[in-house]
Amino acid sequence: MGPPSKPAEAPPSPETAAATALFPMTLDDELRAVMAMVSEYCRKDNAEIEVRLGWLVDCHSRKRIKPMWAKSSVIVTDPNVVFDARVSEQSFFKINQEMNKIVEQMGSTRGSSYKKSKTLDLFTANNDRFMLDHATHKLLSAVSKQSFQTIDIHNPRQALDLRFKAAAETPVEPPSDPTSVDFLKKVTMIRSKERRSYTVDCFTFELTTAKEYTSPVGFTSLDLSSAKKKQKLEIEVEIHIDKFKAEKVRAAAGSVEGRLRFYELCRLFIDNVRGLTETASAVVAPNLPPLKLE
């Protein structure tokens, strides 16, 4: 007769389960820079820290930069380089498919979830943003965004580059009626957004189809059917900053566990985002259906 079998262990609850990298990888230079940024700004009021996928573009040629080095990635500080926060249809489709698979496999474990939303973002000349529900035009938020720091990372061997950003979204006085002509005359850009949000552990992965309408003289209504538009596909990852802040506070108080946990969260941030660029760079199977943008 063999030894008694061990009882099956119950899976950890979302509250106690440790975060796990979806795409394990280590990138020391980027990790140090991102850790410093998160450490500096995670305790500021109304702070948010995110990374966007896109291309680093030369200001003069308007093409993606082609550096001479052969490293897999490098931090770029050249003032003649700008970040274009768009992705291709192929990259968007592949990352969308991968996130669907990940969240479906996880179910409700580790706090994973998915939601789809549709909103209108109204921007004024001073960069205040007023978010409305797309169907009802109910005001959802009114904020002004202040940028603190950006870190640009070029991936010469990948399809996409990265921009990490720390900023603050401060509430502003909402208009009494955001659909009134008087208010819309102050609006210089409207973004119609359809967003897919995937939450895993302490990160939210956001895939957005955006249509941008601009008018330097303002708008007279929210009927945009005849207005000229630019369509963009965007991917970003935002950290759940309260969880990072809690570990940073513990670390500052002398907790070794807090210091290690803060490091681990920052490493997961880098690793998971790098996994997205790997996914976007993979070869597309010829039988994948085209992505429907409308």
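Cut-offs and rules
- Residues numbered from 1 in each chain as written.
- Predicted model: local features only at pLDDT ≥ 70, side-chain atom pairs only at ≥ 80, totals over all residues.
- Heavy atoms only, no water.
- Pairing = 2+ DSSP bridges.
- Helix = DSSP H or I, 4+ residues; strand = E, 2+ residues; numbered from the N terminus.
- Axes fitted to C-alpha atoms, helices over the stretch in contact; angles between N-to-C directions.
- Parallel < 35°, antiparallel > 145°, perpendicular 65-115°, else oblique.
- Left-handed = near helix turned anticlockwise from the far one by under 90°.
- Contact = heavy atoms within 4.5 Å.
- Nonpolar A, V, L, I, M, F, W, Y, C, P; charged D, E, K, R; others polar.
- Buried < 20%, exposed > 50% of the residue type's maximum accessible area, 1.4 Å probe, protein only.
- Phe/Tyr/Trp six-rings, centres within 6.5 Å; stacked < 30°, edge-to-face > 60°.

### What about the pairing of strand S4 (residues 113-124)?
Here is step 1: In terms of strand pairing, S4 meets strand S8 (residues 187-200) through 12 bridges, oriented antiparallel. Residue pairing in the sheet places Ser-113 in a bridge with Thr-199 of S8.
Here is step 2: Pairing of S4 with strand S5 (residues 128-133), which is carried by 5 bridges, proceeds in the antiparallel orientation. Residue pairing in the sheet places Phe-123 in a bridge with Arg-129 of S5.

### Section: the packing of helix H1 (residues 28-41) against helix H5 (residues 256-281)
When two helices pack together, their arrangement is given by the angle between their axes and by how far apart the axes lie.
Here is step 1: Where H1 meets H5, the closest approach of the two axes is 10 Å, and the angle between their N-to-C directions is 120°. Taken together, the axis directions place H1 and H5 in an arrangement best described as oblique. Judged by the twist between their axes, the crossing of H1 over H5 is right-handed. Across the interface between the two elements, Glu-30, Leu-31, Val-34, Met-35, Val-38 and Ser-39 from H1 touch Phe-262, Tyr-263, Cys-266, Arg-267, Phe-269, Ile-270 and Arg-274 from H5.
Here is step 2: Class assignment of the residues belonging to the contact of H1 with H5 gives a composition of 9 nonpolar, 1 polar and 3 charged.

### Looking at the pairing of strand S10 (residues 230-239)
Here is step 1: In terms of burial, S10 is largely enclosed, as 7 of its 10 residues are buried.
Here is step 2: Summarising the sheet, strand S1 (residues 47-58) and S10 pair through 3 bridges and their orientation is antiparallel. Residue pairing in the sheet places Glu-50 in a bridge with Glu-238 of S10.
Here is step 3: Looking at chain direction, strand S9 (residues 203-214) and S10 are connected through 10 bridges and run antiparallel.

### Observations regarding the packing of aromatic side chains
Here is step 1: Counted by the stated rule, this structure contains 6 aromatic pairs.
Here is step 2: Here the aromatic rings of Tyr-41 and Phe-148 are separated by 5.0 Å at their centres, their planes lie at 5°, and the arrangement is stacked. With a gap of 107 residues between them, Tyr-41 in helix H1 and Phe-148 in strand S6 (residues 139-154) connect regions that are remote in the sequence.
Here is step 3: You can call Phe-148 partly exposed: its relative accessible area is 24%.

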